[in-house]
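In case you want the letters, here they are:
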Amino acid sequence: MPFTPISIVINTYNAGAQIVPTLESVKDFDEVVVCDMESTDNTVEIARSYGCKIVTFPKGIHRICEPARDTAIHAARNNWVLVVDADEVVTPALKETLQATLQTANHKDAYFVPRKNMFLGEFVKASFPDYQLRFLDQTKAVWPPTIHSLPTISGETGYLPKDVSIALVHSGLTISTEIQKLDIYSQNDLAKRKKTKVSLWELIASPAYRFLRYYFLKGACFQGRRGFIKACFSSHMKFYYLAKVYERQQKMNEE
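Below, the structure is looked at part by part. Position numbers for residues count from 1 along each chain, tracking the sequence in the order it is written. For a predicted model such as this one, the threshold for reporting local features is a pLDDT of at least 70, and the threshold for listing and counting side-chain atom pairs is 80 or more; totals across whole chains, interfaces and linings nevertheless cover every residue. Note: side-chain values were computed over all heavy atoms of the structure, leaving out hydrogens and water.

## Some words on the packing of helix α6 (residues 200-217) against helix α7 (residues 224-254)
Throughout, an axis means a line fitted to C-alpha atoms (over the contacting stretch in the case of helices), and angles, computed between N-to-C directions, take values from 0 to 180 degrees. Helix and strand definitions here come from DSSP, where helices need a minimum of 4 consecutive H or I residues and strands a minimum of 2 consecutive E residues; each element is numbered from the N-terminal end. Axis separation between α6 and α7 bottoms out at 8 Å; the angle between their running directions is 155°. In terms of axis orientation, α6 runs roughly antiparallel to α7. Crossing handedness for the pair α6 and α7: right-handed. Counted together, Glu202, Leu203, Ser206, Pro207, Ala208, Arg210, Phe211, Tyr214 and Tyr215 of α6 and Gly227, Phe228, Lys230, Ala231, Cys232, Ser234, Ser235, Lys238, Phe239, Leu242 and Ala243 of α7 form the full contact between these two elements. Roughly parallel means an angle under 35 degrees; roughly antiparallel means over 145; roughly perpendicular covers 65 to 115; every other angle is labelled oblique. Take the far helix as the reference: if the near one is turned anticlockwise from it by less than a right angle, the crossing is left-handed, and if turned clockwise, right-handed. Whether two residues are in contact is decided by their heavy atoms, any of which lying within 4.5 Å being enough.

Pasting the structure below:
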């Protein structure tokens, strides 16, 4: 089968404690680019030991990786890149699927890749396939510097099969890190969205609906305590965002 070189692109900040399994899983790709946001731990040293190309992006006030992603993908020497987080693993089956996809006639310019999210050591089925737009021709892509943004593609996008065996494996966060992320993500949602008012009813009903949807409709109820905790985190994310909208509303009223 013909071979198309693919670059792996990883954005990092203090990822030394988790990046080794990621680098082990991608070491056989044509190139691995690590775009580091001035880590203060041993992330860069570990990446160098794996022969990665190191690119530095000034962290400044940034608390998210998206501002660095456009720099990262365009630092790759190959047109086709797979963007991988420092706590994700690429399976051999996914690598084979990427190559096979590029050999098909009239393939797309970018692809959504399924992701298998883990939590407390178990696959979170309720979140699958959690498609991520991560496999792309970087010459046709621009990545906006906003949280959870998708790259803008000059061309067509497609989806890899909804198959657990070819999914990116996300190792998942600890409870402590999940709690920290709730604050970061809700704060960035506040900055990104223009909502200015929230009612008491919305503060009660919207997080409750989020919990019920995740727990019952998405099937988290079948995963015992793990599923219940994940559903609570989903609900809390919505509550924290709405509470911050209310806080902003009050500050505007005082001005």
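## Thoughts on the environment of Ile147
Relative to the helices and strands, Ile147 resides in the loop between β10 (141-142) and β11 (152-153). Under the scheme applied here, a residue whose accessible area is under 20% of the maximum for its type counts as buried, over 50% as exposed, and between as partly exposed, the area being computed with a 1.4 Å probe on protein chains only. Since its relative accessible area comes to 4%, Ile147 is described here as buried. Among residues more than four places away in sequence, those in contact with Ile147 are Ile64, Glu66, Tyr185, Asn188, Asp189 and Lys192.

## As for the state of the cysteines
Here, two cysteine sulfur atoms that lie within 2.5 Å of each other are counted as a disulfide. Across all of its chains, the model carries zero disulfides by this definition. Take Cys232: it sits in no disulfide, and the sulfur closest to it among the cysteines is that of Cys221, at 13 Å.

## Topic: the sheet that holds strand β7 (residues 115-119)
By this definition, two strands are paired if DSSP reports at least two bridges between them. Here we have four strands laid out as an open sheet, ordered β5-β13-β7-β8, and mixed in their pairing. Of all strands in the sheet, those bounded by a partner on one side alone are β5 (88-89) and β8 (122-123). As judged from the three bridges shared by β7 and strand β13 (residues 168-170), these two strands associate in the parallel manner. Looking at β13, one finds that Arg115 is bridged to Leu168.

## Let's talk about helix α3 (residues 66-73)
Burial analysis of α3 places six of its eight residues in the buried class, the great majority of the element. Contacts made by the buried residues of α3 are with β1 (6-12), β2 (31-36), β4 (80-85), β9 (132-137) and β10.

## Observations regarding unusual backbone geometry
Cis geometry marks the peptide bond from Phe128 to Pro129; its omega dihedral reads 10°. Along the chain, Pro129 turns up in the loop between β8 and β9. Not every positive phi belongs to a glycine, and Asn14 is a case in point at roughly 50°. By secondary structure assignment, the location of Asn14 is in the loop between β1 and α1 (19-26). Here Asn106, not a glycine, exhibits a phi torsion of approximately 60°, which is positive. Within the element layout of this structure, Asn106 appears in the loop between α4 (92-102) and β6 (110-113). Take Asn106: its relative accessible area is 75%, and that puts it in the exposed class.

## As for the pattern of salt bridges
By definition here, a salt bridge exists when the distance from a side-chain nitrogen of Lys or Arg to a carboxyl oxygen of Asp or Glu is within 4 Å. Following the criterion strictly, the structure yields 16 salt bridges and no others. Among the salt bridges present, the one from Glu24 reaches Lys27, with a minimum N-O distance of 2.8 Å. Accessibility expressed as a relative area gives 46% for Lys27, which makes it partly exposed. The closest approach of N and O atoms between Arg134 and Asp85, which form a salt bridge, is 3.3 Å.

## So, the packing of aromatic side chains
Two aromatic rings, drawn from Phe, Tyr or Trp (for Trp, its six-membered ring), form a pair once their centres lie within 6.5 Å of each other, and the interplanar angle then sorts them: stacked below 30 degrees, edge-to-face above 60, tilted otherwise. A full pass over the atoms with the stated rule returns twelve aromatic pairs. Seen in terms of ring centroids, Trp80 and Phe135 are 4.8 Å apart; in terms of plane orientation they differ by 40°. Their pairing is tilted. Of this pair, Trp80 sits in strand β4 while Phe135 is found in strand β9, placing the two residues 55 residues apart along the sequence. Accessibility classification places Trp80 together with Phe135 in one group, the buried group. Connected via pairs of aromatic rings, a cluster forms that spans Phe211, Tyr215, Phe216 and Phe228. Put simply, a charge is over a ring when the Lys NZ or the Arg CZ is close to the ring centre, within 6 Å, and near the line of the ring normal, within 35 degrees. If you follow Arg193 out to its NZ or CZ, it ends over the ring of Tyr241, 5.0 Å from the centre. When the ring centre of Phe119 is taken as reference, the NZ or CZ atom of Lys230 above it lies at 5.1 Å.

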